[in-house]
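A look at the structure
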Amino acid sequence: MPALVITVILVVRALQQPAPIAPIPAEIPLFPLPETSLFPGVSRPFVIYEPRYREMIADALKGNKVIGMVRLRPGFEKDYEGRPPIYGVGCVGTIQEYDELPDGRYVILLRGLTTFRIVSEDGAPANTGKPYRLARIEVVPELLKEEDRLALSTLRNRIENALVTLLPLGVDPPDPSLDDDEFVNIVAQNFGMPETTRQELLERNSVVERARALADLLDKK
């Protein structure tokens, strides 16, 4: 079955049967990519084809199903097979659904749980016994205070109004029934923008600050 078809099936399954949130351990495997790929509360499919990351997914599925998505810093190409520099803030994700293809690749649906900050890495992959990177992290929870809800709702309205004029014809905005924080994070994850800007949005201290920065960005387009 083609990977694209399996991805669609995984997304439908996840919408029908939301997965429980996995506990977040102090040490997690890292999956570095050239883009900022995951935000809290948002799901995204990935096709895993590199042997080291196929092993990472297999190990995660045997355990807590948690991996850390981080962005590679520019210039990573010269040391891609090794341990290229990465940004210090990423998003913890839990594997909601998966399929293993006959050729050994995985198609997974990953849901963002929370942002995290890397505290340390346990040396090069060769020293950990694993072909992928492991890091000790501290979770950066995105708590929404009651007094912030009105500000977030107002910012969401600004973002919605901007999207009406910015989205191409035929492209629907996110579901209006979504909670405000989920709506903001979906737009931040998927709207076209430089990856440096997307990383800056991920690193904002709260979803309200992320919404404010996102609204300002869209107003300038």
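Residues numbered from 1 in each chain as written. Predicted model: local features only at pLDDT ≥ 70, side-chain atom pairs only at ≥ 80, totals over all residues. Heavy atoms only, no water.

**Here we look at the overall build of the protein chain**
Note the following rule: Labels follow the DSSP assignment, with helices taken as runs of H or I lasting at least four residues and strands as runs of E lasting at least two, numbered in each case from the N terminus. Buried, partly exposed and exposed residues are distinguished by accessible area as a fraction of the type maximum, computed with a 1.4 Å probe on protein chains only: under 20%, between the cut-offs, and over 50%, respectively. What makes two residues a contact is simply this: any of their non-hydrogen atoms within 4.5 Å. The Shrake-Rupley method, run with a 1.4 Å probe sphere, supplies the accessible areas, and residue values consider only the shown protein chains as cover.
In terms of helices and strands, the protein chain carries seven helices and six strands. When the elements of the protein chain are put in sequence order from the N terminus, they spell out α-β-β-α-β-β-β-α-β-α-α-α-α. Within the protein chain, buried positions represent 44% of all 221 residues. A sequence separation of at least 24 residues applies to 70% of the contacts in the protein chain between residues at least 6 apart. Working note: accessible area of the protein chain is about 11,400 Å², and carbon and sulfur atoms make up 54% of it.

**Structural notes on the pairing of strand E5 (residues 106-121)**
Selection criterion: Only when DSSP finds a minimum of two bridges between them are two strands counted as paired.
Note: strand E2 (residues 43-48) against E5, six bridges, orientation antiparallel. Looking across to E5, one finds that Arg44 is bridged to Leu110. Judged from the 11 bridges that link them, strand E4 (residues 89-100) and E5 form a sheet pairing that is antiparallel. Pairing of Glu100 across the sheet is with Tyr106, part of E5. Two successive antiparallel strands, E4 and E5, enclose a turn made up of five residues, where Gly104 displays a positive phi of approximately 95 degrees.

**Re the nonpolar core**
Soluble, globular proteins show a tendency: their nonpolar side chains are buried together. Under the convention used in this document: The definition of a nonpolar core used throughout is a set of buried Ala, Val, Leu, Ile, Met, Phe, Trp, Tyr and Cys residues joined through side-chain atoms within 4.5 Å.
Ranked by internal contacts, the top residues of the largest apolar core, which has 43 residues, are Ile57, Ile159 and Leu214. Here this core gets seven residues from one element, more than from any other, and that element is helix H7 (residues 207-219). When sequence neighbours within four positions are dropped, the list of residues in contact with Ile159 reads Phe183, Val184, Val187, Ala211, Leu214, Ala215 and Leu218.

**What about unusual backbone geometry?**
Unusually for a residue other than glycine, Lys65 sits at a positive phi of about 65 degrees. Assignment of secondary structure puts Lys65 in the loop between helix H2 (51-62) and strand E3 (66-71). Look at Lys65 and you get partly exposed, because its relative accessible area is 34%.

**A word on the packing of helix H4 (residues 149-166) against H7**
Test applied: The angle between two axes is taken between their N-to-C directions and runs from 0 to 180 degrees, where each axis is a line fitted to C-alpha atoms and a helix contributes only its stretch in contact. Should an angle fall under 35 degrees it is taken as roughly parallel, and over 145 as roughly antiparallel, whereas 65 to 115 is taken as roughly perpendicular and any remaining angle as oblique. A crossing counts as left-handed when the near helix is turned anticlockwise from the far one by less than a right angle, and as right-handed when that turn is clockwise. Throughout this entry, Asp, Glu, Lys and Arg are counted as charged residues, while Ala, Val, Leu, Ile, Met, Phe, Trp, Tyr, Cys and Pro are counted as nonpolar. The remaining residues, Gly among them, count as polar.
Close contact between H4 and H7 brings their axes to 9 Å; oriented N to C, the two are set at 30 degrees. Overall, the two elements H4 and H7 adopt an arrangement that is roughly parallel. Where H4 crosses over H7, the two elements pack in a sense that is left-handed. Across the interface between the two elements, Ala151, Leu152, Leu155, Arg158, Ile159, Ala162, Leu163 and Leu166 from H4 touch Val207, Val208, Ala211, Arg212, Leu214, Ala215, Asp216, Leu218 and Asp219 from H7. Here the contact of H4 with H7 is built from residues that sort into 13 nonpolar, no polar and four charged.

**What about the environment of Leu152?**
As for its position among the elements, Leu152 is in helix H4. Taking relative accessible area as the criterion, Leu152 reaches 1% and is therefore assigned buried. As a C-alpha pair, Leu152 and Val184 span 32 residues in sequence and 9.0 Å in three-dimensional space.

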